[in-house]
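Commentary on secondary and tertiary structure
Residues per chain are reported as follows:
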Amino acid sequence: MSLSNSPDPALRAAVVRQDLGNVLHPIVQHKVLEAKQMVVAGGEGSTIVDADGTEYLDAMAGLWCVNIGYGRTELAEVAAAQMRQLSYFPHTAMNLPAAGLAEKINTLMGGGYHTYFVNSGSEANEAGFKIARQYMKQEHPGEYRFKTVSRYFSYHGTTLGTLDAGGMGERKAKFEPFSGDFVHVAPPYCYRCPFGLDYPSCGLACVKNLEHAILGEGPETIAEIIVEPIMSGVGVAVPPDEYLPEVESLCRKYGMLLHIDEVINGFGRTGRMFAHQHYGVSPDIVAVAKGISSAYLPIAATVVKNSVFASFYGDPAENRQVAQVNTYGGHPAAAAVALRNIEIIETERLAERAASMGAYLLEGLRGLLSHGTVGDIRGKGLLIGVELVKDRTTKEPVDAAQITQIVEFCREHGVIIGRAGGGRNYGNTIVLCPPLVITRAECDRIVDTLGRALKTLAFG
Ligand SMILES: Cc1ncc(COP(=O)(O)O)c(C=O)c1O
């Protein structure tokens, strides 16, 4: 569909009726949907269009995922051609697009990795937990290394395991109790340092806290630590440069695997192909999703270092193979689309573009510091947080209702922005994660609209 397609009110009304009468939507309250009745009909670049013809600049790239932007019809051609050739066969056999995609991922990671395909970021992390556990059982017979260490305020997915790994109490509350196999430590959230310290005089107290937790739990019970290099869910917490290397050192010291969550961070988002590459670490397990296909088709993966892969390699009688399967893993059409998507990211130099456009957007947003409610502006590449507070000295967060008002104001003025996922606790950050093809003029529009929202709603 092109943005110029003329709206069809009767069709739109039919969709609304069908939807409200039949669909159960995720995370949004149906009464809100009834009131807004947004029916997305098409998109191009960084813009989506409602079936009533209203256009929105999508500064969230959908759900942090449409890295190459909307409307790339060549990906439809790639999917169609692959479906004509081979629509599906289980990945217990080989197929051409999945093999090519795995090779591409291996190259992008610098070599030395094998890829296990799944369908979503949650599954990619969940498979990572299971691979870590199986690895430990095989490599340390007689030991019982099963725990995953994670950080408070992180988000790693929606399954029971990944939700347990995450550190957002409000998201977990309706599903408790959890297994207790996930141990939580303080995040490197410097604006609200859990220890009340300032960088660099803090001496990375969060890493010391991690080591205490490892020793307290007993390193012999821990399989891995999961880390999103730049924590998106808490409102884009960018750690000090030494943080991730120091976490890696603790992994090596205590025999834990380093599991990196690149579900949002990956595929150019932060200015490098993968965010962990900013920090020179060598992860054992990497979860990728979202930007791998820019959400043109669902596909995700758990990428493992060859030293981990080696543990799964042997004679059938040894029973070392990956002890899990999912129907759609390695789907040929999804893999072909992902491969073409990555080629677009490379040929259009979208990671470099994320770095330069992100710097431009950050610079523009810094002009908003003249508003008393803007407490902190931070980000890396095109992953940015604007934290809003009632008082800059006390850093008391603005109310959830105030953030909702800002998000609504921007939407009503044609710009879709996001908010941190912390809910009542630390949900006070506006988040921006636009397609990597966003233009300077579109960045200016985001800054201008957010500025008008802050001025018009004038909380302080
Ligand atoms: C950092 C992170 N990890 C994992 C996930 C889960 O991905 P999915 O929604 O594809 O299951 C998300 C989803 O937003 C995420 O932000």
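Within each chain, residue numbers correspond to sequence positions counted from 1 in written order. Where totals are concerned, whole chains, interfaces and linings use all residues; where local detail is concerned, this predicted model gives features only for residues with pLDDT of at least 70, and gives and counts side-chain atom pairs only at 80 or more. Values shown for side chains rest on all heavy atoms present in the structure; no hydrogens or waters enter the calculation.

**Observations concerning the nonpolar core**
The tendency in soluble globular proteins is for nonpolar side chains to be buried as a group. Going by this rule: Only buried Ala, Val, Leu, Ile, Met, Phe, Trp, Tyr and Cys residues count toward a nonpolar core, and they belong to the same one when joined by side-chain atoms within 4.5 Å. For the exposure calls, accessible area comes from a 1.4 Å probe over protein chains only, and a residue counts as buried if that area is under 20% of its type's maximum, exposed if over 50%, partly exposed in between. Only DSSP runs of H or I with at least four residues qualify as helices, and only runs of E with at least two residues qualify as strands; both kinds are numbered from the N terminus onward. The contact definition used throughout considers only heavy atoms, calling two residues in contact when any of these lie within 4.5 Å.
Residues Leu-101, Leu-365, Ile-417 and Ile-430 are the most contacted members of the largest nonpolar core, which totals 61 residues. At eight residues, the largest contribution of residues to this core is made by helix α12 (residues 332-347). Residues in contact with Leu-101, not counting those within four places in the same chain, are Phe-117, Ile-292, Ile-299, Ala-335, Ala-338, Leu-339 and Ile-342. With 32 residues, the next largest nonpolar core counts Ile-214, Tyr-243, Leu-258 and Ala-275 among its residues.

**Notes on empty space enclosed by the protein**
Our working rule: Only protein atoms enter the 1 Å grid used here, on which a cavity is any set of points holding a 1.4 Å probe that cannot leave and a pocket is any open set flanked by protein within 12 Å on both sides along at least five of seven lines; residues with an atom within 4 Å of a point are listed as lining. Grid points are joined across faces, edges and corners, and a volume is the space filled by probe spheres set on the points.
Scanning all chains against the criterion turns up one cavity of 30 Å³ or more. If you add up the space inside the largest cavity, you get close to 100 Å³. Lining the largest cavity are 15 residues, and of these Pro-188, Cys-190, Cys-193, Cys-202 and Cys-206 lie nearest its centre.

**Let's talk about the sheet that holds strand β2 (residues 47-50)**
Condition: Strands qualify as paired when DSSP identifies two bridges or more between them.
Taking strand neighbours across the sheet as the criterion, the four strands line up as β1-β2-β3-β13 in an open arrangement whose pairing is mixed. Taken across any chain shown, the strands that pair with only one partner, and hence form the sheet edges, are β1 (40-44) and β13 (415-416). Here two bridges tie strand β3 (residues 55-58) to β13, and the two strands are oriented parallel to one another. Across the sheet, the residue bridging to Asp-58 is Ile-416, located in β13.

**Re the sheet that holds strand β5 (residues 147-151)**
Let me state the cut-off plainly: Only C-alpha atoms enter the line fits that serve as axes; for helices the fit covers just the stretch in contact. Angles between N-to-C directions range over 0 to 180 degrees.
In space, the seven strands of this open sheet follow the order β4-β10-β9-β8-β7-β5-β6, with mixed pairing throughout. Of all the strands in the sheet, the pair left with one neighbour each is β4 (113-118) and β6 (182-185). Taken over all neighbouring pairs, the strand axes of this sheet differ in orientation by 20° on average, direction set aside. The pairing of strand β9 (residues 285-288) with strand β10 (residues 300-305) spans four bridges and is antiparallel.

**Notes on the layout of surface pockets**
Selection criterion: Charged means Asp, Glu, Lys or Arg here, nonpolar means Ala, Val, Leu, Ile, Met, Phe, Trp, Tyr, Cys or Pro, and polar covers whatever is left, Gly included.
Considered as a void within the structure, the second largest pocket measures approximately 920 Å³ in volume. Along its surface, the second largest pocket is lined by 31 residues, and His-91, Thr-115, Tyr-116, Phe-309 and Val-322 are the ones closest to its centre. Of all the secondary structure elements, the ones that give two or more residues to the lining of the second largest pocket are α5 (96-108) and β4. Classifying every residue of the lining of the second largest pocket by side-chain character gives 16 nonpolar, twelve polar and three charged.

**Digging into the pairing of strand β11 (residues 374-380)**
Among the seven residues of β11, five are classified as buried, and the element is accordingly described as predominantly covered. Bridge count between β11 and strand β12 (residues 383-388): six bridges; the pairing is antiparallel. Paired with Lys-380 across the bridge in β12 is Leu-383. Counted along the chain from β11 to the antiparallel partner β12, the turn is two residues long, and its residue Gly-381 has a positive phi close to 60°.

**So, α5**
Selection rule: The span you would expect from a helix comes to 1.5 Å times its residue count less one. Comment: arc refers to directions from the helix axis out to C-beta atoms. Side-chain atoms alone can form a polar contact between residues adjacent in sequence; in general such a contact is a pair of N or O atoms within 3.5 Å, and within protein one must be able to donate a hydrogen while the other accepts it.
Helix length check: α5, at 13 residues, gives a terminal C-alpha distance of 18 Å against a target of 18 Å (1.5 Å per residue), a fit within 8%. For α5, every residue scored as buried is listed here: Pro-97, Ala-98, Leu-101, Ile-105 and Leu-108. Considered in projection along α5, the buried side chains sweep an arc of 95° and stay on one side of the axis. α5 presents Leu-96, Glu-103 and Thr-107 as exposed residues on the side facing more than 90 degrees away from its buried surface. The distance from a side-chain oxygen at the start of α5 to the backbone nitrogen of Ala-98 is 3.0 Å, and the residue carrying that oxygen is Asn-95. Count one or two residues on from α5 and you reach Gly-110, which has phi positive near 95°.

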